[in-house]
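# Chain and residue survey
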Amino acid sequence: MDFGLDDDHRALQASLTRLLQRHAPLAQVQAVAAQDEPTDPVLIHALADQGLFALLVPTDCDGLGLGLLEAALAAEALGACAAPAPYLGPVLSGLALTLGGDAALKKRLLPAIATGSLLPGLAISEASSGARRNFGVTASGGRLTGTALAVVDFATANGFVVASRCGGLFWLESDASGLSCNRLTNIDRTRSLGELQCHDTPALALDHGDVGQTLRTVENAARVLVAADTLGAASTMLTRAVAYAQERRQFGREIGSFQAVKHLCAEMASELEAARALVWYAAHAQDTLPDQATLLACHAKAHLSEVGTFVARTATEVFGGIGITDALGLHLQFKRIGLNRQLFGAPERCRVDAARAQGLIGQRPPYPAQAQV
Amino acid sequence: MKLAYAPADLAFRDAVRDFLATHATSWPKRSESMRPGPDQIAWQKLLISKGYAARTVPEVYGGYGAAPDLIKSRIIAEAFAEAGAPGGLQNQGVSMLVPTLLELGTEAQKRRYIPPTLTGELVWCQGYSEPGAGSDLAALTCRGEDVGDHFRINGQKIWTSSAHVADMMFCLVRTEAEAPKHAGISYLIFSMQTPGIEVRPLKTMTGQAEFNEVFFTDVMVPKDQIVGERGQGWFVANATLKHERGMLGDPNAAAARLRAITAILQRETVDGESLINNPLYLDRLMRLQARVLAMEANGLRLLTAAQKGEPAGLSNLIVKLMGCELNHQLAGLAIDALGELGVLYHGGPHEVDHGIWQHRYMFDLGLIIGGGTAQIQKNIIAERGLNLPREPKLAKPDAVAR
Ligand SMILES: Cc1cc2nc3c(=O)[nH]c(=O)nc-3n(C[C@H](O)[C@H](O)[C@H](O)COP(=O)(O)OP(=O)(O)OC[C@H]3O[C@@H](n4cnc5c(N)ncnc54)[C@H](O)[C@@H]3O)c2cc1C
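Reading the values: the criteria
Residues numbered from 1 in each chain as written. Chains lettered and ligands numbered in written order. Predicted model: local features only at pLDDT ≥ 70, side-chain atom pairs only at ≥ 80, totals over all residues. Heavy atoms only, no water. 1 Å grid on protein atoms, 1.4 Å probe; cavity = no way out; pocket = protein on both sides within 12 Å on 5 of 7 lines; lining within 4 Å. Points joined across faces, edges and corners; volume = space filled by probe spheres on them. Nonpolar A, V, L, I, M, F, W, Y, C, P; charged D, E, K, R; others polar. Axes fitted to C-alpha atoms, helices over the stretch in contact; angles between N-to-C directions. Helix = DSSP H or I, 4+ residues; strand = E, 2+ residues; numbered from the N terminus. Contact = heavy atoms within 4.5 Å. Domains from an automatic or database assignment. Buried area = accessible area lost by both parts, 1.4 Å probe. Salt bridge = Lys/Arg side-chain N within 4 Å of Asp/Glu carboxyl O. Polar contact = N/O pair within 3.5 Å; in protein donor to acceptor, adjacent residues only side chain to side chain. Buried < 20%, exposed > 50% of the residue type's maximum accessible area, 1.4 Å probe, protein only. Patch = residues over 30% accessible without salt bridge, like charges linked within 9 Å, V, L, I, M, F, W, Y side chains within 5 Å. Areas by Shrake-Rupley, 256 points an atom, 1.4 Å probe, with all protein chains shown as cover. Near = heavy atom within 4 Å.

## Examining empty space enclosed by the protein
All names here are of chain A. A full pass over the atoms with the stated rule returns six cavities of 30 Å³ or more. Of the volumes computed, that of the largest cavity is approximately 120 Å³. Taken together, 16 residues make up the lining of the largest cavity; nearest its centre are Tyr87, Leu88, Asp153, Arg191 and Arg336. Partitioning the lining of the largest cavity into residue classes produces 11 nonpolar, one polar and four charged.

## A look at the packing of helix H4 (residues 68–80) of chain A against helix H9 (residues 259–288) of chain A
Residues and elements named next belong to chain A. Their axes nearest at 7 Å, the elements H4 and H9 cross at an angle of 140 degrees. Together, Leu68, Leu69, Ala72, Leu73 and Glu76 of H4 and Arg276, Trp280, Ala283, His284, Gln286 and Asp287 of H9 make up the contact between the two elements. Within the contact of H4 with H9, the residues separate by chemical class into six nonpolar, two polar and three charged.

## A closer look at the domain arrangement of chain A
Frequently, the measure chosen for interface size is the accessible area removed from exposure when the parts meet. All names here are of chain A. The domain boundaries assigned to chain A delineate domain 1 (7–115), domain 2 (121–205) and domain 3 (213–357). Centre-to-centre, using C-alpha coordinates, domain 2 lies 28 Å away from domain 3. Taken residue by residue, the interface counts 16 residues in domain 2 and 17 residues in domain 3. Here domain 2 packs against domain 3, burying approximately 1400 Å² in sum over the two surfaces, 68% of which is carbon and sulfur. At the surface where domain 2 touches domain 3, the tally comes to zero salt bridges. Summed over the shared surface of domain 2 and domain 3, the result is nine residue pairs in polar contact (both at pLDDT 80 or more). In terms of residue class, the side of domain 2 that touches domain 3 is made up of eight nonpolar, six polar and two charged.

## Here's the deal with the environment of B:Leu386
On the secondary structure map, B:Leu386 appears in the segment after helix H12 (374–385). Looking at B:Leu386, the relative accessible area reads 12%, which means it is buried. Along the backbone, B:Leu386 and B:Leu321 are 65 residues apart, and their C-alpha atoms lie at a distance of 16 Å. The contact partners of B:Leu386, leaving out residues within four places of it in the chain, are A:Val242, A:Gln246, A:Cys265, A:Ala266, A:Ala269, B:Leu314 and B:Ile381.

## Quick notes on a nonpolar patch on the surface
Where nonpolar side chains cluster on the molecular surface, the patch consists of B:Met205, B:Leu365 and B:Ile369 and spans about 300 Å² of accessible area. By the element assignment, B:Leu365 lies in helix H11 (residues 356–369).

## What to know about the site of the ligand
By nearness alone, 20 residues border the ligand, and B:Gln126, B:Ser129, B:Ser135, B:Trp159 and B:Thr373 come closest of all. Two or more chains meet at the ligand, and those chains are chains A and B. At 3.2 Å from an oxygen atom of the ligand is found a side-chain nitrogen or oxygen belonging to B:Gln92. In this structure, a nitrogen atom belonging to the ligand sits 2.7 Å away from a main-chain N or O atom of B:Gln126. For the ligand, whose unbound accessible area comes to 960 Å², protein coverage reaches 71%. When residues of the shell around the ligand are traced back to their parent elements, those giving at least two are strand S3 (150–161), H11 and H12 of chain B.

Structure representation (structure tokens):
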């Protein structure tokens, strides 16, 4: 038994961090976030070259065939610098295709995902967060109708993986008939959301194998990766708050020598350090401890949402007035954590799912099959 | 990263489970006394003989003598928790003094004191705190005068847990009157039967006398009863404190508690509905479960680092603060889940689990304070873990708060 990162993990972290330092320094991220269409093709290209989108793609489809722990370390690095780049959409769509697609579809799509030429958006909000209002798509005879909310990595998407309200998974081409796509602006200017409106839109069912299990696996992976992103974002906020507390002086001494400030930092560090171990554990469990995979994914997502929220506000507070401005760029992580909290199930829902995963309460009731549009 | 069990691990787990099932009738009862009773000592001896307690302590010192093995320790802890079986003894002797002696004691001290301590037959107390020296432990004034081949001790200790039942004390005394604050302290071990020691129990809010005042009047301690060198007591004391904090924040204890509370929520009904179906209680339970899982994962990380000889850094510094707070919150949930049944105490009809949850809720608050308060832990995390500036008043380089 061994609990911790090995040299390969550390090498992956280091090379990705180096790349992000070069292609996504703070000034660059701030410039991108200020654009109307906040995407950064140069960064995406560099990440693709590095193999970011190939992480989970099987080797026989030109991918790296790595596990969720590696993918989580990458998510953490992206969150740490608030990288304005797609990640969850392509990586998790690739996972859905790997598990649920037939051989021909996989051969067609997965190599393109691995190289970064295909960057699908992921539309599983109704399954993972629950269907809001009348949102959600229903499937009938290979055609989708309805609206999918909160599609992640929308701006760069040239294809979609969509979950229907009944828990089916589908591959949707971006030029499918009867499909209209609307951007949804959200607080986090480094990642994009959108909605898909389908009117009798043709789609391919990803029904190879156990569909319920595929959706569960993708949802679990999504929760772990979002938790890891929050871990990275919150760690950056803590590191910067500590650095500021060491340097900023008031009343003739560093503010970090005041216990009120010192203890805020200690509380953030304590929460984050324990949370870090939970994220590693949960990520590793997805590939190696199937009995605990769902429980740990739910807890990682819920717990990191809470710890992230605590760190986001507390670190901001350490900076005083300048923390509330956008001058330092801290708001990038603050907002990233804010979006992450709601994606793929807010903490309340994840805790209920955690209780279900261990049989403390009954299973999720089926969705009302019919979405009214 | 490797967490999944191999077939050999599963076989080991079966063996532990079998052992626990076979010996279920010898599980000792929870005892009110802070001194292990005969059934606890017998159980402890059995556990040591199987390697389920004192696993890595060398055989010559009465341990099982196995090489450190993370997976086996984990399996043992899990199997005991899952069965609800009482694990190996954890007290100030077993968990704090033994590792200190293993690290810094003389060969004679190890051979003489470790074996009976491990079995629970020799009970220790920790004489650190004094009325004027709590968080600022190095301000202690209890004197040890050099009188030939003995130290003569005069002074007072306070908050000394178990002193009323203990056989021995490990004690900090000022032996070098002229030396600076931290350099004048020695770490002595002596029998509580030594003439001149008076123990006066102090009741805590739990209603029990868990700790004491201890007065020393011309107590003569032979000079070879010192651990480490003269004037190095501060260093030795900190070695002990490290183990104390690990014991107080033990994630396995929190995990066992979580199991018990889950069972309460499943079992207790209000208006005919099980509490586990009440979303507010369930949400509290799940929040705490996430924290328990995080501390368990942190614990695995720490054990791995220890086994590889790597520095543990922050993940070690947070254990006491996070673990004690977590235990306190767990006890709080159990009480809330029991409602009016949760306030029954001191025996009588309908009292649940001998009032253990109220007892824990109160005693755990003591543990948040003892062993270095939560505020002191935060100072340590900030100063040693994050490199934030030290307190202006603690600016001297050797001024390490406990
Ligand atoms: C249940 C229990 C068992 C104990 N068992 C033992 C034992 O067996 N042996 C033993 O020697 N001692 C024992 N203790 C004593 C324990 O170690 C001390 O109580 C503890 O270190 C605090 O010291 P104090 O009580 O003097 O409080 P003080 O040091 O007076 O602290 C009072 C308050 O001031 C705060 N404070 C003090 N200094 C600072 C600072 N620098 N920064 C911020 N806040 C500060 C503290 O956090 C606390 O809130 C036990 C205590 C308890 C509660």
